[in-house]
Amino acid sequence: MIDLRSDTKTLPSAAMREAIANAELGDDVSGEDPTVNALEKMSAALLGKEAALLVCGGTMGNLVSIYAQSRPGQELVCHEKAHIYHYERGGFAAVCGMLARPVGGEYGVIAPETLEAVFPNKRDLHRQDIGLVCLENTQNNCGGTCLTAAETAAAADVAHAHGALVHIDGARIFNAAVALGVSASELAAPADSITFCCSKGLGAPAGSIVCGSADFIQRAREARKLFGGGMRQAGIIAAGCKYALEHNLERLAQDHANARRIAETLAACPGIEIDLASVQTNILFFAVRRDDMTAPELCHKLERYGIVSGARDEHLIRFVTHLDVSDEDTTTVCEALREVLA
Ligand SMILES: *Cc1c(COP(=O)(O)O)cnc(C)c1O
């Protein structure tokens, strides 16, 4: 089976399971789990921040970050296609009492002019404050597109100049780092906080990490407790994350090359619409525009080749490559697409 639905489908390898089985454990709610402590230290160093915190998943990472850095009634600015805005149960509103101000931007990049325009140019008694600007890197819903360090810094400069803080939903920040050929810490530098996921392309079974200043992490830890996210012998989770960070970062380039190969194959098929410029990492969106086939029908035909995928609607499909899709699997996918779409 070749599963192209999501990089969340990755399974822990035998070596990762061994690392999990052998992990030293303790009560992490009291800060006594050596594996969690090692993971948090390692994550903070990788992201160039003072401290880090293990949380259950990306949604919780974003939520504790927003909660620890906002007040009810403040506004949160994000891209109109942001994961935080569409796929996290409206946590920033439901739990933090924030209003959302979604803004546009090509390939998920919020331009400084766009951001500048949402801040009032003078203090206004009537208007709520903008507390937080949330960026997403890579931008999932825009096709896994990257924000460069310069684009991130430009947006953060505007936010900070107006007294707002900056959070990065960096669920796939390492995909961005590898694709851009920069360090993750460079991409995270302009942000006050960042969350990344170990459970997607990095292959761990669970776990996300929040990074930021020591003071912020203390407040995020309190928020995690509030949300019931304190886990006891969490080294079981942390060991998989640590293994992922030690072994699975550089190989993300393979996933990107495989996504690229599939995208180029699709671009050469009749009745397929794909923006190759948006295929920068391991995610690709394309539209099926044919009289003889809808997107769900294409997915159905691919099942015969052992390929599992899903359509968003009658036209749109998202494929995601990851560590359980080998180069050979990618060849199978390309051949299947050429045959089915001939
Ligand atoms: C997956 C994802 C999240 C949420 O992560 P979960 O671990 O599923 O809660 C947040 N942001 C982006 C961009 C994601 O792709």
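The shown structure was predicted, so the numbers you read here are calculated from the model rather than taken from an experiment. (Residues numbered from 1 in each chain as written. Predicted model: local features only at pLDDT ≥ 70, side-chain atom pairs only at ≥ 80, totals over all residues. Heavy atoms only, no water.)

Moving on: the packing of aromatic side chains. Inspection of every chain in the model, using the stated rule, returns three aromatic pairs. An angle of 85° between the planes, with centres 5.1 Å apart, marks the rings of Phe174 and Phe196 as edge-to-face. On the criterion of sequence distance, the pair formed by Phe174 in helix α8 (residues 173-180) and Phe196 in strand β7 (residues 193-197) is long-range, its members being 22 residues apart. Judged by its relative accessible area of 0%, Phe196 is buried. With 5.0 Å between their ring centres and 70° between their planes, Phe286 and Phe319 make a pair best called edge-to-face. (Phe/Tyr/Trp six-rings, centres within 6.5 Å; stacked < 30°, edge-to-face > 60°. Helix = DSSP H or I, 4+ residues; strand = E, 2+ residues; numbered from the N terminus. Buried < 20%, exposed > 50% of the residue type's maximum accessible area, 1.4 Å probe, protein only.)

Quick look at the nonpolar core now. The biggest cluster of nonpolar side chains holds 52 residues, and the ones touching the most others in it are Leu47, Leu115, Phe174 and Phe196. When residues in this core are grouped by element, the largest group, six residues, is from helix α11 (residues 235-247). Filtering out sequence-adjacent residues up to four positions away, Phe174 remains in contact with Leu46, Leu47, Ala184, Phe196, Leu202, Leu245, Leu249 and Leu252. Core analysis: the second largest hydrophobic core is formed by 28 residues, Ile2, Cys269, Leu302 and Phe319 among them. (Core = buried A, V, L, I, M, F, W, Y, C linked by side-chain atoms within 4.5 Å. Contact = heavy atoms within 4.5 Å.)

Per the domain assignment, the segments making up the protein are domain 1 (7-247) and domain 2 (251-340). Each of domain 1 and domain 2 has a C-alpha centre, and the two are 28 Å apart. Carbon and sulfur atoms supply 54% of the area buried between domain 1 and domain 2, which totals about 1600 Å² over both sides. Looking only at domain 1, the three residues that lose the most surface to domain 2 are Asp7, Tyr107 and Asn175, adding up to 28% of its buried area. Here domain 1 and domain 2 share zero salt bridges between them. Scanning the region where domain 1 abuts domain 2 turns up eight residue pairs in polar contact (both at pLDDT 80 or more). Top contributing element to the side of domain 1 that touches domain 2 by residue count: α8, with four residues. Partitioned by chemical class, the residues of the side of domain 1 that touches domain 2 number nine nonpolar, 11 polar and three charged. (Domains from an automatic or database assignment. Buried area = accessible area lost by both parts, 1.4 Å probe. Salt bridge = Lys/Arg side-chain N within 4 Å of Asp/Glu carboxyl O. Polar contact = N/O pair within 3.5 Å; in protein donor to acceptor, adjacent residues only side chain to side chain. Nonpolar A, V, L, I, M, F, W, Y, C, P; charged D, E, K, R; others polar.)

The immediate surroundings of the ligand are formed by 13 residues, with Gly58, Thr59, Asp169, Arg172 and Lys200 found nearest. Contact between the ligand and Thr59: an oxygen atom at 2.6 Å from a side-chain N or O atom of the residue. Within the side chain of Asp169, an N or O atom sits 2.6 Å from a nitrogen atom of the ligand. It is helix α3 (residues 58-67) that contributes the most residues to the shell around the ligand, three residues altogether. A per-class count over the shell around the ligand returns two nonpolar, six polar and five charged. (Near = heavy atom within 4 Å.)

Read across the sheet, seven strands follow the order β2-β8-β7-β6-β5-β3-β4 without closing on themselves; strand pairing throughout is mixed. The open sheet has two edge strands, β2 (51-55) and β4 (99-103), and neither has a second partner. Strand-to-strand, the axes of this sheet are offset by a mean angle of 20°, without reference to chain direction. Note that β7 and strand β8 (residues 208-212) share five bridges and pair antiparallel. Across the sheet, residue Ser193 finds its bridge partner in β8, namely Gly212. Set on the sheet, helix α10 (residues 214-226) makes contact with β2, β7 and β8; between it and β2 the angle comes to about 15°. (Pairing = 2+ DSSP bridges. Axes fitted to C-alpha atoms, helices over the stretch in contact; angles between N-to-C directions.)

Pairing is antiparallel across the open sheet formed by four strands, whose spatial order is β9-β10-β13-β12. For this open sheet the edge positions go to β9 (272-273) and β12 (310-311), each flanked by a neighbour on one side alone. Two strands pair when backbone bridges link them, and strand β10 (residues 283-288) and strand β13 (residues 316-320) are joined in this way by five bridges, in the antiparallel orientation. In the sheet register, Ile283 faces β13, and the bridge partner there is Val320. Sheet strands in contact with helix α13 (residues 295-303) are β10, β12 and β13, and its direction is about 40° off that of β13.

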